[in-house]
Amino acid sequence: MFLELGQRPDEPGPPIHGPAAYPADVESRLAADAAVIIARYPQSRSALLPLLHLTQSEDGYLTPAGIAFCAAQLDLTPAEVTAVATFYSMYRRSPTGEYLVGVCTNTLCAIMGGDAILDSLQEHLGVDAGHTTADGRITLDHVECNAACDYAPVVMVNWEFFDNQTPSSARDLVDALRSGRPPTPSRSASLCTFRETARTLAGLQNADGPVADAPTGAATLAGLRIAHERDMSAPQPDSAASTSTASHNGRPSDGEKAQAAESVKDEPAPGPSATIPAESSTPETDPKATDPE
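Residues numbered from 1 in each chain as written. Predicted model: local features only at pLDDT ≥ 70, side-chain atom pairs only at ≥ 80, totals over all residues. Heavy atoms only, no water.

Selection rule: UniProt positions are given in the numbering used here, feature names are shortened, and annotations may be inferred rather than shown by experiment.
The name recorded for the chain in an unreviewed UniProt entry is NADH-ubiquinone oxidoreductase chain E, from Mycolicibacterium hippocampi. A UniProt comment under Cofactor (unreviewed entry) is attached to the chain, and it reads "[2Fe-2S] cluster".

**Observations concerning the sheet that holds strand β2 (residues 131–132)**
To keep it simple, the criterion reads: Here the rule is simple: two strands pair whenever DSSP picks up at least two bridges between them. In DSSP terms, a helix is any run of H or I states spanning at least four residues, a strand is any run of E spanning at least two, and both are numbered starting from the N terminus.
The 5 strands are arranged β2-β3-β1-β4-β5 in an open sheet whose pairing can be described as mixed. Both edges of this open sheet fall to β2 and β5 (160–162), since each of them pairs with a single strand only. Pairing analysis gives 3 bridges linking strand β1 (residues 99–104) to strand β4 (residues 155–157), with the strands arranged antiparallel. Looking at β4, one finds that Val103 is bridged to Val155.

**What to know about the packing of aromatic side chains**
The geometry of two aromatic rings is summed up by the distance between their centres and the angle between their planes. Inclusion rule: Ring pairs are drawn from Phe, Tyr and Trp, using the six-membered ring of Trp, whenever the two centres fall within 6.5 Å, and their geometry is named by plane angle: stacked under 30 degrees, edge-to-face over 60, tilted for the rest. Think of it in three bands: residues with accessible area under 20% of the maximum for their type are buried, residues over 50% are exposed, and the middle band is partly exposed, with areas taken using a 1.4 Å probe on protein chains only.
In total, this model carries 3 aromatic pairs according to the counting rule given. Aromatic pair Phe87 and Tyr88: ring centres 4.9 Å apart, planes at 85 degrees, arrangement edge-to-face. Tyr88 sits in the partly exposed class, given a relative accessible area of 38%. Grouping aromatic residues by their ring pairs yields a cluster made of Phe87, Tyr88 and Tyr91.

**Here's the deal with unusual backbone geometry**
Each neighbour pair has its own omega, and for Ala152 with Pro153 the value is -5 degrees, a cis peptide bond. Relative to the helices and strands, Pro153 resides in the loop between β3 (138–143) and β4. For Ala147, which is not glycine, the phi torsion reads 55 degrees and is therefore positive. Tracing the sequence through the fold places Ala147 in the loop between β3 and β4. With a phi angle near 50 degrees, Asn158 is a residue other than glycine that sits in the positive phi range. Mapping Asn158 onto the fold places it in the loop between β4 and β5.

This is how it looks when you write it as structure tokens:
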């Protein structure tokens, strides 16, 4: 099997491409914002991630100009900045539309209809995943799990959730975006453009001020509701029951298991064996033989 490493085939040019430098007025404006961000960190290089979002808010993606700006602000080399910029998927390496529409195609969303939604949007918009519509309004992409499985399948627009989507509702969503009528996300009060979102992620407040989150949904709170109904709670960390309870029905307690693990932690691991557990193990000598856990 041949496995080709490197950037995605649909990414144009080298991994970071575009303008090489900012005009003086743009660099001065960005430097003022960068000073606010850098001042929050004891170590200046810790500000690299928000500074990359700052430059992305300027260009709509990461460019050599943005890489050079971050390097100069933090006394890093362009190579050091590029290594970070190309690692994280939220940093875009090609021009991005006003709205980045990401369809989750990870396992749960896929089997709940995510693949069908992506196929439908590719046909409806006339672009493949990873590309931008001709009007520059929408960049379509498939994304990995965004920890929103409770409302699968999920579509994200500029990292805002749109829950319980179908091919039909997703088409209505992108039509509203293209018409200049962005709908309200499922979990926040309003939708920002991609560049405005990048500025927020940089830690800088947009002109419209903070945006209130929507209430947490019932599906997200289902486990907590059941725990309350059944008077269930986690044991306290310092509970004696978790460390010194006697064996129950012949099984070692958690405390005994911890002590056993501590006693062998520095011993070498056993070699491979054709029989698991080892032939010499018996229920009397091997706790695992009596404990299905």
